[in-house]
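For reference, the chains in residue letters:
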Amino acid sequence: MSITKDQIIEAVASMSVMEVVELITAMEEKFGVSAAAAVAAGPAAAAEAVEEQTEFNVILTAAGANKVAVIKAVRAATSLGLKEAKDLVEAAPTPVKEAVSKEEAEALKKELEAAGASVEVK
């Protein structure tokens, strides 16, 4: 005859707190595990998985056919000089801006794509 989960739950519910602590200790020794480690790892792992990305990198993957317009868009977005913006565009794939908000990243992506560039947001 095997014991069901419901019977185990009822038996634990009828125990005092001290008896439950003793039961947990006995189970840890029997199975060679630690309930504290399992509890600590569970919520932390779940919190990391749920955490939403808040910083994004805008990466210019290709300048496209209209390189001059892309250079102008990069200069406007980054306040780089002409030579620095040109070097950045010619060095594609390269980050244009890093650690920006999602809204700013999407707006910059839209501007650069309108100028003819290929852009990724990571």
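Scope of this entry: the structure provided in the associated data block. (Residues numbered from 1 in each chain as written. Predicted model: local features only at pLDDT ≥ 70, side-chain atom pairs only at ≥ 80, totals over all residues. Heavy atoms only, no water.)

Let us look at the sheet that holds strand β1 (residues 56-62). On the basis of which strands lie adjacent, the open sheet formed by three strands has the order β2-β1-β3 and antiparallel pairing. If you trace the sheet from one side to the other, it starts and ends with β2 (94-100) and β3 (118-121), each paired once. Between one strand and the next, the sheet's axes are offset by a mean angle of 20 degrees, whatever the strand orientation. Judged from the four bridges that link them, β1 and β3 form a sheet pairing that is antiparallel. When the bridges of β3 are listed, Val58 appears paired with Val121. Strands β1, β2 and β3 of the sheet are contacted by helix α6 (residues 102-114), whose axis makes an angle of about 155 degrees with β2. (Pairing = 2+ DSSP bridges. Helix = DSSP H or I, 4+ residues; strand = E, 2+ residues; numbered from the N terminus. Axes fitted to C-alpha atoms, helices over the stretch in contact; angles between N-to-C directions. Contact = heavy atoms within 4.5 Å.)

Counting across every chain of the model gives five salt bridges. Residue Asp87 is joined to Lys83 by a salt bridge in which the shortest nitrogen-to-oxygen separation is 3.2 Å. Here Asp87 and its partner Lys83 are both found in helix α5 (residues 82-90), four residues apart, which amounts to about one turn of the helix. Classification of Asp87 as partly exposed rests on a relative accessible area of 36%. For Lys83, a relative accessible area of 59% corresponds to the exposed category. Of the charged contacts in the structure, one is a salt bridge between Glu104 and Lys97, with a shortest N-O distance of 2.9 Å. Each of Lys67, Lys86 and Glu90 takes part in salt bridges that share partners, so that together they form one network. (Salt bridge = Lys/Arg side-chain N within 4 Å of Asp/Glu carboxyl O. Buried < 20%, exposed > 50% of the residue type's maximum accessible area, 1.4 Å probe, protein only.)

Attention now goes to a nonpolar patch on the surface. Where nonpolar side chains cluster on the molecular surface, the patch consists of Ile3, Ile8 and Val12 and spans about 260 Å² of accessible area. Residue placement: Ile8 occurs in helix α1 (residues 5-13). Using a relative accessible area of 45% as the deciding quantity, one classes Ile8 as partly exposed. (Patch = residues over 30% accessible without salt bridge, like charges linked within 9 Å, V, L, I, M, F, W, Y side chains within 5 Å. Areas by Shrake-Rupley, 256 points an atom, 1.4 Å probe, with all protein chains shown as cover.)

As a packed pair, helix α4 (residues 67-78) and α5 sit with axes 9 Å apart at the nearest point and diverge in direction by 120 degrees. Judged on the interaxial angle alone, α5 and α4 are oblique. Our pair here, α4 against α5, has a crossing hand that is right-handed. Packed against α4, whose contacting residues are Lys67, Val70, Ile71, Val74 and Arg75, the element α5 presents Leu82, Ala85, Lys86, Leu88, Val89 and Glu90 at the interface. A breakdown of the residues in the contact of α4 with α5 according to their chemical character gives seven nonpolar, no polar and four charged. (Parallel < 35°, antiparallel > 145°, perpendicular 65-115°, else oblique. Left-handed = near helix turned anticlockwise from the far one by under 90°. Nonpolar A, V, L, I, M, F, W, Y, C, P; charged D, E, K, R; others polar.)

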